[in-house]
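Each chain is listed here by its residues.
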Amino acid sequence: MSNLVTAHEITNTMYIDTHTKVTMETSICSYLNVTLKDLIDLFEFAGNEAQQDYFINRNTLNDIFNSFIETHIPSQELDEVLFFHLSRRLNTAKDCNCGDNLFKLLSTENAMTSFLKEHDVEFAVCGKHLNLIYEGKYISLENTSQKHIPYLRWRLGHTANRIDFCFNGFLLKDLLYRNSYARELYNGPEFIGVLANFLKRRDIRTDFFTNSIYYCLEYCVPLEKVMFDDSENLSGKDKQIYLLNRILNRLYEYHTTDIQYMFDYDNSVIRLADDDTMYGKYYITKEKIDWNMLQNTFT
C-alpha cells in the first residue's frame, strides 16, 4: 500500500500510513500540510529546547510536538488507524482474518477450541469469567501461590478489576520485527505456553507451533474503537493529537539516532475493548514472519 493517508478518500476517511519512516513522513506532512523541512526544523528546535545535561526532557519534547500539531491540524479528522497484530495462527484457521477477544475465542467453536479439545482442554463460561476443564474435570484456580495460577486467573477473568480479554496490536510497523515481544511470540501465544506449563503438557505448546504459522495481520480500524494502552481514556481530538505525537516521536528518533541502534521499545500498544471483536471488514493483509525476519532487521 502506498500513501495511505489518502487511501480511503472515496469514503472520506483519513489515516496515517505507519509502515515505514518514509510513509510516515509523507503521510504526516500531507495531513498537517507541512514540508519535510518543517519537520526537520521542528526536530532541531525541540531537541535543543528539551536538552538537559545528558538527557532529553520528554515532557518538554512532547509539549513542543503537541503545540506543533495543534497549530497545523486540519478540520478533517483522523478517523481510522492502522493496527498491526502479531499472531501465530493454527493452519486450520488460515483463512480466518478476523480476531476474537480471548473470552469469545475460548468459549465458542473455532480452530483454537478444537485444538485444545484434542488435547483434553476446554473452557466453561461461568458468569463473566471462564473455568478451566482438563480431562473432563474442573481445575481450581484458587491457590494463587501456585505457579501460573495468577496469570491464568487474570487472563480468564477471575480477577474482576484486572481483566484482559482484549485483542491488541501495535501502532507502528516500521521497526516491529525488532520488538522483543515479536520474538517472544514466535514460539506461540503466551497464554498457550503458560497453559501447557501449568498442565504439564508440553505437547500442547509443541503441537501448536508445528501446526501454525506466525503472521503480522494488518487492519485499518475506526479510531474511536481503539485505545492506547498507556492513555486509554483519550477520545476525540485528544486521541488524534496523541496518535500524531507518537508518530512524531518515532520520526524524531530517526532524526537523532542511527537506524542500526534503533529498536521498537516505544511502539504504542493499541487494543480494542475487552468485549470487542476485530471484524474481517477491517482486514487489509497479512505477512508471514520467519525467524530470520526477527534477527535480520537492520535494513
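The coordinates are above.
Here's a quick rundown of the structure. (Residues numbered from 1 in each chain as written. Predicted model: local features only at pLDDT ≥ 70, side-chain atom pairs only at ≥ 80, totals over all residues. Heavy atoms only, no water.)

**Concerning the overall build of the chain**
Logical step 1: The helix and strand inventory of the chain stands at eleven helices and eleven strands.
Logical step 2: For the chain, whose C-alpha radius of gyration is 21 Å, the value lies close to the compact-globule estimate of 19 Å for 299 residues.
Logical step 3: Across the 299 residues that make up the chain, the buried fraction comes to 50%.
Logical step 4: Sequence-distant contacts in the chain: of pairs separated by 6 or more residues, those separated by 24 or more amount to 74%.
Logical step 5: When the accessible surface of the chain is totalled, it reaches about 15300 Å², and 48% of it is carbon and sulfur.
Logical step 6: Taken together, the 30 basic and 42 acidic charged side chains of the chain have centroids lying 8 Å from each other. (Helix = DSSP H or I, 4+ residues; strand = E, 2+ residues; numbered from the N terminus. Rg over C-alpha atoms; globule rule 2.2 N^0.38 Å. Buried < 20%, exposed > 50% of the residue type's maximum accessible area, 1.4 Å probe, protein only. Contact = heavy atoms within 4.5 Å. Areas by Shrake-Rupley, 256 points an atom, 1.4 Å probe, with all protein chains shown as cover. Lys, Arg positive; Asp, Glu negative; His and termini not counted. Charge placed at Lys NZ, Arg CZ, Asp CG, Glu CD.)

**As for the pairing of strand 8 (residues 212-222)**
Logical step 1: Of all eleven residues making up strand 8, ten are buried, and the element is well covered by its neighbours.
Logical step 2: One ladder, built from eleven bridges, connects strand 3 (residues 80-90) with strand 8; its direction is antiparallel. Its bridge partner being in strand 8, His85 is matched across the sheet by Leu217.
Logical step 3: Here strand 8 runs beside strand 11 (residues 283-288); their pairing, made up of five bridges, is antiparallel. Bridging from a neighbouring strand, Leu217 pairs with Lys286 of strand 11. (Pairing = 2+ DSSP bridges.)

**Concerning the pattern of salt bridges**
Logical step 1: Counted by the stated rule, this structure contains 15 salt bridges.
Logical step 2: We note a salt bridge from Glu287 to Lys173, for which the minimum N-O separation is 3.1 Å. Highlighted residues: Glu287 in strand 11 and Lys173 in the loop between strand 7 (168-170) and helix 7 (180-184), separated in sequence by 114 residues.
Logical step 3: Under the relative-accessibility criterion, Glu287 is labelled partly exposed at 31%.
Logical step 4: Across the pair Asp174 and Arg250 runs a salt bridge whose closest N-O atoms are separated by 2.8 Å. Taken together, the residues span a long stretch of sequence, with Asp174 in the loop between strand 7 and helix 7 and Arg250 in helix 10 (residues 236-256) at a distance of 76 residues.
Logical step 5: The exposure class assigned to Arg250 is buried, which follows from its relative accessible area of 1%. (Salt bridge = Lys/Arg side-chain N within 4 Å of Asp/Glu carboxyl O.)

**Here we look at the pairing of strand 5 (residues 129-134)**
Logical step 1: Across the six residues of strand 5, five count as buried, placing the element largely inside the fold.
Logical step 2: Examined bridge by bridge, strand 4 (residues 121-126) and strand 5 share six bridges and lie antiparallel to one another. Looking at the pairing, Val125 lines up with Leu130 of strand 5.
Logical step 3: From the end of strand 4 to the start of strand 5, which pair antiparallel, there are two residues, and Gly127 there has a positive phi angle of about 65°.
Logical step 4: Direction of pairing for strand 5 relative to strand 6 (residues 137-139): antiparallel, over a ladder of three bridges. Bridge pairing in strand 6 links Ile133 to Tyr138.
Logical step 5: The antiparallel hairpin formed by strand 5 and strand 6 contains two residues in its connecting segment, where Glu135 sits at a positive phi of about 50°.

**Concerning the packing of helix 2 (residues 36-50) against helix 3 (residues 58-72)**
Logical step 1: Between helix 2 and helix 3, the shortest axis-to-axis distance is 9 Å and the interhelical angle comes to 150°. Remark: the crossing between helix 2 and helix 3 carries right-handed chirality. Side by side, helix 2 and helix 3 meet where Leu39, Leu42, Phe43, Phe45, Ala46, Gly47, Glu49 and Ala50 of the first sit next to Thr60, Leu61, Ile64, Phe65 and Phe68 of the second.
Logical step 2: When grouped by side-chain class, the residues that make up the contact of helix 2 with helix 3 number ten nonpolar, two polar and one charged. (Axes fitted to C-alpha atoms, helices over the stretch in contact; angles between N-to-C directions. Left-handed = near helix turned anticlockwise from the far one by under 90°. Nonpolar A, V, L, I, M, F, W, Y, C, P; charged D, E, K, R; others polar.)

By themselves these figures say nothing about function.
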